[in-house]
Protein chains: 2
Amino acid sequence: MDFAEYFPIWGKLTDSQQQRLASNAEVLRVKSGTVIHNGSMDCLGPLVIRSGQLRVYILSSEGREITLYRLFERDTCLFSSSCVMPDIQFDVIIEAEKDSEMWVISACLFKQLMEESVVVANYANQLISSRFTEVMWLMGQIMWQSFDKRLAAFLLEESALENTPVLKITHEKIAGHMGTAREVVTRMLRYFQSEGMVKLTRGAVEITDRQKLRQLAQ
Amino acid sequence: MDFAEYFPIWGKLTDSQQQRLASNAEVLRVKSGTVIHNGSMDCLGPLVIRSGQLRVYILSSEGREITLYRLFERDTCLFSSSCVMPDIQFDVIIEAEKDSEMWVISACLFKQLMEESVVVANYANQLISSRFTEVMWLMGQIMWQSFDKRLAAFLLEESALENTPVLKITHEKIAGHMGTAREVVTRMLRYFQSEGMVKLTRGAVEITDRQKLRQLAQ
């Protein structure tokens, strides 16, 4: 199995640790739109992404969302295993944004490995630190960037991820990513359209002036 | 020395690790207002707080602040040691809010300990997870709580920390804690005053109706 290739610290583990992981890790295939993990009551175990794209987001008590970050091929996700880390006391939701394939390591085995291996413990450390860094970046954006800049940056990122200037995404969905209301997104997109940066059609946003959008985002 | 009493994982360390820590940890005493750590270029090493109060905050490129969390007696601070954790790629500033006394562990020794001891590595993990949780709580507040609720909660927290209903704090300073402009704070405090919840005097905010403020904060 090629799990070994995808798990970054494989080479630093002992034979016994490698064996336990190899016999434990199970392949999970999910369709785009599947919710893989929902809040801290779930404790699936860490995920190692083989292909696809996951979105990690939080939800307010009124049902408003904000995307924290995304996970791609070769990323490891620890937040699907919150029971292993009792000091992570916030709930995230993990959803497949594309058809995805991943390995699931059982929470129980990962906990054992974290307790016996300094390599695994420090790897967990490194993962949490990286996610913390992404969230701090997002917080700076929310606090200090105006919404037009954030939206411009979001459209450019989406376009790069999907490798197309025509984004098939609703205003509602964009609002969910950005933690705001649909009306706010619609208003700003109409302004972008009047400035010639995008063209709005039913269910899609087409980027028509990438250069101008980029200048705004900076 | 009583470092052993204040360092939560002391009892789980080996004799050699205890000895190295005991001979390495140095007492640092600072006056209120002292900046102890400023961004990731600094790498003092972890701090174990013996007494006092530290504030950890971030700063925008335009000089606006927001308080992330505070540290008190018996807390351990890792962000003063960012060089030990290369995946923490954001800059925080750590400032004494009261006269404070702490031990500094050298970054170099702590790095060694993290690499050799699963106990230390998991302790670092636990600390980062706790701070991450505090920041996620703050993000939820910023995104989804109206400013009046946040300000009410801030005044109540300050009053509890200082153990007095009369907060000697400027509107400017409150704005720095909350990541907003002074004018916004002044406007809201005047509204609180008109509702009888606080009384504003030169350089101070007095809480006059704690009950009402608490209801608002909830």
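Right, let's walk through the structure included here. (Residues numbered from 1 in each chain as written. Chains lettered and ligands numbered in written order. Predicted model: local features only at pLDDT ≥ 70, side-chain atom pairs only at ≥ 80, totals over all residues. Heavy atoms only, no water.)

Examining helix 6 (residues 171-178) of chain A
All names here are of chain A.
- For helix 6, the buried fraction is high: six of the eight residues fall into the buried class.
- Every buried residue of helix 6 is listed here: H171, I174, A175, G176, H177 and M178.
- At the C-terminal side of helix 6, G179 shows a positive phi close to 70 degrees. (Buried < 20%, exposed > 50% of the residue type's maximum accessible area, 1.4 Å probe, protein only. Helix = DSSP H or I, 4+ residues; strand = E, 2+ residues; numbered from the N terminus.)

What about the interface of chain B and chain A?
- At the junction of the two partners, chain B supplies 37 residues and chain A supplies 37 residues.
- Both sides together, the interface formed by chain B and chain A hides about 3200 Å², and carbon and sulfur atoms give 74% of it.
- Looking at the side of chain B facing chain A, the largest losses of area belong to B:F132, B:M139 and B:W144, adding up to 23% of the total buried there.
- Remark: the boundary between chain B and chain A carries zero salt bridges.
- In this structure, the connection of chain B to chain A is made through eight residue pairs in polar contact (both at pLDDT 80 or more). (Contact = heavy atoms within 4.5 Å. Buried area = accessible area lost by both parts, 1.4 Å probe. Salt bridge = Lys/Arg side-chain N within 4 Å of Asp/Glu carboxyl O. Polar contact = N/O pair within 3.5 Å; in protein donor to acceptor, adjacent residues only side chain to side chain.)

Remarks on the packing of helix 3 (residues 107-116) of chain A against helix 4 (residues 118-144) of chain A
Residue and element names in this part refer to chain A.
- Relative orientation of the contacting elements helix 3 and helix 4 amounts to 110 degrees, with a least axis distance of 5 Å. The orientation of helix 3 relative to helix 4 falls into the category roughly perpendicular. Here helix 3 contributes F110, L113, M114 and E116 to the contact with helix 4, which in turn contributes V118, V120, A121 and A124.
- A class-by-class count of the residues in the contact of helix 3 with helix 4 yields seven nonpolar, no polar and one charged. (Axes fitted to C-alpha atoms, helices over the stretch in contact; angles between N-to-C directions. Parallel < 35°, antiparallel > 145°, perpendicular 65-115°, else oblique. Nonpolar A, V, L, I, M, F, W, Y, C, P; charged D, E, K, R; others polar.)

Observations regarding the packing of helix 5 (residues 147-162) of chain A against helix 8 (residues 210-217) of chain A
All names here are of chain A.
- Between helix 5 and helix 8, whose axes approach to 8 Å, the crossing angle comes to 130 degrees. Taken as axis vectors, helix 5 and helix 8 run oblique relative to one another. The handedness of the crossing between helix 5 and helix 8 comes out as left-handed. The residues of helix 8 that touch helix 5, namely those facing D148, K149, A152, A153, L155, L156 and S159, are R210, L213, R214, L216 and A217.
- Each residue belonging to the contact of helix 5 with helix 8 can be placed in one class, and the counts come to seven nonpolar, one polar and four charged. (Left-handed = near helix turned anticlockwise from the far one by under 90°.)

A look at the relation of the copies chain B and chain A
- Rotating chain B by 180 degrees and moving it 0.0 Å along the rotation axis overlays it on chain A with an RMSD of 0.0 Å. In symmetry terms, the pair is related by a two-fold rotation axis. (Least-squares fit on C-alpha atoms with pLDDT ≥ 70 in both.)

A word on unusual backbone geometry
- With a phi close to 60 degrees, A:N163 is a non-glycine residue in the positive phi region.
- Non-glycine residue B:R74 carries a positive phi angle of around 75 degrees.
- Tracing the sequence through the fold places B:R74 in the loop between strand 5 (65-72) and strand 6 (76-77).
- On the basis of relative accessibility, which here comes to 39%, the residue B:R74 falls in the partly exposed class.

Some words on the state of the cysteines
Residues and elements named next belong to chain A.
- A full pass over the atoms with the stated rule returns two disulfides over all chains.
- A sulfur-sulfur separation of 1.7 Å characterises the disulfide bridge that pairs C43 with C83. On the sign convention where negative is left-handed, the bridge of C43 and C83, at about -70 degrees about the S-S bond, is left-handed. Taken as a pair, C43 in the loop between strand 2 (35-38) and strand 3 (47-51) and C83 in the loop between strand 6 (76-77) and strand 7 (93-96) lie far apart in primary sequence, 40 residues in all. (Disulfide = S-S within 2.5 Å.)

Digging into the sheet that holds strand 4 (residues 53-59) of chain A
Residues and elements named next belong to chain A.
- Spatial strand order, 2-7-4-5: four strands in an open sheet with antiparallel pairing. Bordering the open sheet on either side are strand 2 and strand 5 (65-72), each of which pairs with just one other strand. Taken over all neighbouring pairs, the strand axes of this sheet differ in orientation by 20 degrees on average, direction set aside.
- Where strand 4 lies against strand 7, four bridges are found, and the strand directions are antiparallel. Bridge assignment links V56 to a residue of strand 7, and that residue is I94.
- Contacting strand 4 and strand 5, helix 5 runs over the sheet at an angle of about 30 degrees to strand 5. (Pairing = 2+ DSSP bridges.)

Here's the deal with the pattern of salt bridges
Residues and elements named next belong to chain A.
- Taken as a whole, this structure holds 30 salt bridges over all chains when the rule is applied.
- As a salt-bridge pair, R70 and E158 come within 2.4 Å of each other at their nearest N and O atoms. Here E158 lies in helix 5 and R70 lies in strand 5, a separation of 88 residues in the sequence. You'll find R70 and E158 in the same group, each marked buried.

Describing the environment of B:S40
Residues and elements named next belong to chain B.
- Tracing the backbone through its elements, the reader meets S40 in the loop between strand 2 (35-38) and strand 3 (47-51).
- When the C-alpha atoms of S40 and G176 are compared, they prove to be 21 Å apart, with 136 residues separating the residues in sequence.
- Non-local contacts of S40, meaning those with residues more than four positions away in its chain, are made with S82 and D91.

With respect to the sheet that holds strand 8 (residues 100-104) of chain A
All names here are of chain A.
- In space, the four strands of this open sheet follow the order 1-8-3-6, with antiparallel pairing throughout. The open sheet has two free edges, formed respectively by strand 1 (26-30) and strand 6, since each of these has just one partner strand.
- By the bridge criterion, four bridges tie strand 3 to strand 8 in an arrangement that is antiparallel. Each bridged residue has a counterpart across the sheet, and for L47 the counterpart in strand 8 is V104.

Some details on the packing of aromatic side chains
- The full count for this structure, using the stated rule, is 19 aromatic pairs over all chains.
- For the ring pair B:Y191 and B:F192, a centre distance of 6.1 Å and an interplane angle of 55 degrees mean the geometry is tilted.
- Here a set of aromatic residues connected by ring pairs shows up, and it is made of A:F3, A:Y6, A:F7, A:W10, A:W103 and A:Y123.
- One residue, A:R131, lies across the ring of A:Y69, its end atom 5.4 Å from the ring centre.
- Over the ring of B:Y57 we find B:R55, and its NZ or CZ is 3.9 Å from the ring centre. (Phe/Tyr/Trp six-rings, centres within 6.5 Å; stacked < 30°, edge-to-face > 60°. Lys NZ or Arg CZ within 6 Å of the ring centre and 35° of its normal.)

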